[in-house]
Amino acid sequence: MNMTIADTYEIAMGRWSRRLSRSFLDFVAAPSCGALVDVGCGTGSLTLAAATRYPKADIVGIDVMPDYMTDALRNSAPNVRFETGDATALPFADDSFDTAFSQLLLNDLDGPAGAVGEMVRVTRAKGRIAATVWDRVGGLTFIRLFLDVAALLADGEGEELRAKVFDVPYQDEDDLFDLWSDAGLEDVSTATLAVRMDFIDFDDYWQALMGAHSLIRNFFANQPADLAHEIQQATMRAYLGGKPDGRRSLVASALAVRGIVPA
């Protein structure tokens with residue numbers, strides 16, 4: 001069966017981003033009505049969580065990749081609409097929204113500050129701007145298992161992979177605090193949010209891992225067969241932890257920041 005981009009994301013991250021959405025919305029504490037925009041909405045985890053929580057709000061999800069926006073997603077909630085657009089050049093007028101938020105986007109942009117500036121521009125005075133990103137270095141256990149094995153077994157190439165995956169601009173709460181402050185936002189606060197990543201067995205874990213990051217997938221696909229097998233077996237031993245194959249629940253953490261648009 002041919003899998004779409006949305007299918008791959010759902011297996012790798014979609015199920016976890018839905019869990020993160022609930023904690024993130026608690027942190028954002030947006031007003032229960034008005035206009036909200038989810039910048040970089042992807043497959044709509046945060047958008048739909050907000051639609052359920054705020055049924056009287058008008059919510060827009062926008063993403064640069066239309067492939068994420070299936071017909072089912074577009075028709076999933078009466079108070080939501082989805083648009084295609086760039087986070088660094090939002091197709092909305094100034095002061096269009098009461099809240100702008102973004103989940104798992106900033107660390108994948110070449111210019112995160114530009115996207116934050118756009119969220120500020122389209123949000124009214126005293127509105128809320130918030131974002132969350134995975135704590136890749138210290139908080140994504142399921143990726144760390146593989147990357148540490150790759151670094152040990154694949155010599156310099158594995159070390160290089162680990163460095164690339166972890167080389168993101170915002171690696172702690174202080175970095176996000178500074179980004180929000182530099183954008184002129186007031187009452188800036190940060191938090192670390194935690195969710196559980198539950199896997200049925202090692203096969204479920206491996207499928208999620210291979211869909212989680214293109215660098216990981218490409219690295220593994222390009223290894224010689226014997227080394228690829230050795231890396232997979234060592235990763236499985238790390239996953240099993242000396243116990244029979246089966247369910248595992250791994251902790252994942254994300255960094256969150258919020259602020260208020262000045263009057």
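None of these values were measured; they are calculated from a predicted model.

Chemist: Before we go on, may I ask you to explain helix H7 (residues 155-166) in this structure?
Modeler: Three or four residues apart is the spacing at which side chains of an α-helix point the same way, because the helix has 3.6 residues per turn. For H7, built from 12 residues, the straight-helix expectation of 16 Å at 1.5 Å per residue is met to within 8% by its first-to-last C-alpha distance of 17 Å. For H7, the set of buried residues is Gly158, Leu161, Arg162, Val165 and Phe166. Viewed along the axis of H7, the buried residues span an arc of 120°, placing them on a single side of the element.

Chemist: Explanation requested: the pairing of strand E2 (residues 56-63) in the structure shown.
Modeler: Two faces, one strand: in a regular strand the side chains alternate between the faces of the sheet. Counting buried residues along E2, 6 of its 8 residues qualify, which places the element largely inside the surrounding structure. Sheet topology note: the strand E1 (residues 33-39)/E2 ladder contains 7 bridges and is parallel. By the bridge assignment for E2, Val39 is matched with Ile62. Regarding topology, helix H2 (residues 45-53) serves as the crossover connection from E1 to the parallel E2, and that connection is right-handed. Note that E2 and strand E3 (residues 80-84) share 5 bridges and pair parallel. Its bridge partner lying in E3, Asp63 is registered against Thr84.

Chemist: Looking at this structure, how should I read the packing of helix H9 (residues 202-212) against helix H11 (residues 225-240)?
Modeler: Axis angle and axis distance: for two packed helices, these are the angle between their axes and the distance between the axes, and together they describe the pair. Between H9 and H11, whose axes approach to 11 Å, the crossing angle comes to 120°. Taken together, the axes of H9 and H11 are oblique relative to one another. Two packed elements cross with a definite hand, and for H9 against H11 that hand is right-handed. Residues Phe202, Tyr205 and Trp206 of H9 lie in contact with H11, whose contacting residues are Gln232, Thr235, Met236 and Tyr239.

Chemist: What should I look at first to understand helix H6 (residues 141-153) in this one?
Modeler: Over its 13 residues, H6 runs 19 Å from end to end, which matches the ideal 18 Å to within 8%, given 1.5 Å per residue. For H6, the set of buried residues is Phe142, Ile143, Phe146, Leu147, Val149, Ala150 and Ala151. Within two residues after H6, Asp155 carries a phi angle of roughly 50°, on the positive side.

Chemist: Hey, could you run me through unusual backbone geometry in this one?
Modeler: Negative phi is the rule for most residues except glycine; trans is the rule for most peptide bonds. With phi around 60°, Leu104 is a residue other than glycine that occupies positive phi space. Locating Leu104 in the fold gives a position in the loop between strand E4 (97-103) and helix H4 (112-121). Judged by its relative accessible area of 16%, Leu104 is buried. In this structure, Lys126 is a non-glycine residue whose phi angle is positive, near 75°. Along the polypeptide, Lys126 turns up in strand E5 (residues 123-134). The class for Lys126 is exposed, based on a relative accessible area of 55%.

Calculation notes
- Within each chain, residue numbers correspond to sequence positions counted from 1 in written order.
- Whole-chain, interface and lining totals are the exception, using all residues; otherwise, since this is a predicted model, local features are given only for residues with pLDDT of at least 70 and side-chain atom pairs are given and counted only at 80 or more.
- As a rule here, side-chain values come from all non-hydrogen atoms in the structure, and water together with hydrogens is ignored.
- Only DSSP runs of H or I reaching four residues or more are called helices, and only runs of E reaching two or more are called strands; each is numbered from the N terminus.
- Each helix should span, by expectation, one fewer than its residue count multiplied by 1.5 Å.
- Relative accessibility thresholds used throughout: buried, under 20% of the residue-type maximum; exposed, over 50%; partly exposed, between the two (1.4 Å probe, protein chains only).
- Directions from the helix axis toward the C-beta atoms define the arc.
- Any two strands between which DSSP finds at least two bridges are classified as paired.
- Handedness is read with the strands pointing away from the viewer; a crossover is right-handed when the path from the first strand over the helix to the second is clockwise.
- Working convention: axes come from line fits to C-alpha atoms, limited for helices to the stretch in contact. Angles between N-to-C directions cover 0 to 180 degrees.
- Convention used here: angles under 35 degrees read as roughly parallel, angles over 145 as roughly antiparallel, angles from 65 to 115 as roughly perpendicular, and any remaining angle as oblique.
- Two helices that cross are described as forming a left-handed crossing if the nearer one is turned anticlockwise from the farther one by less than a right angle, and a right-handed crossing if clockwise.
- The contact rule is simple, with two residues in contact once any of their heavy atoms fall within 4.5 Å.

Limitation: the analysis is restricted to geometry and does not speak to function.
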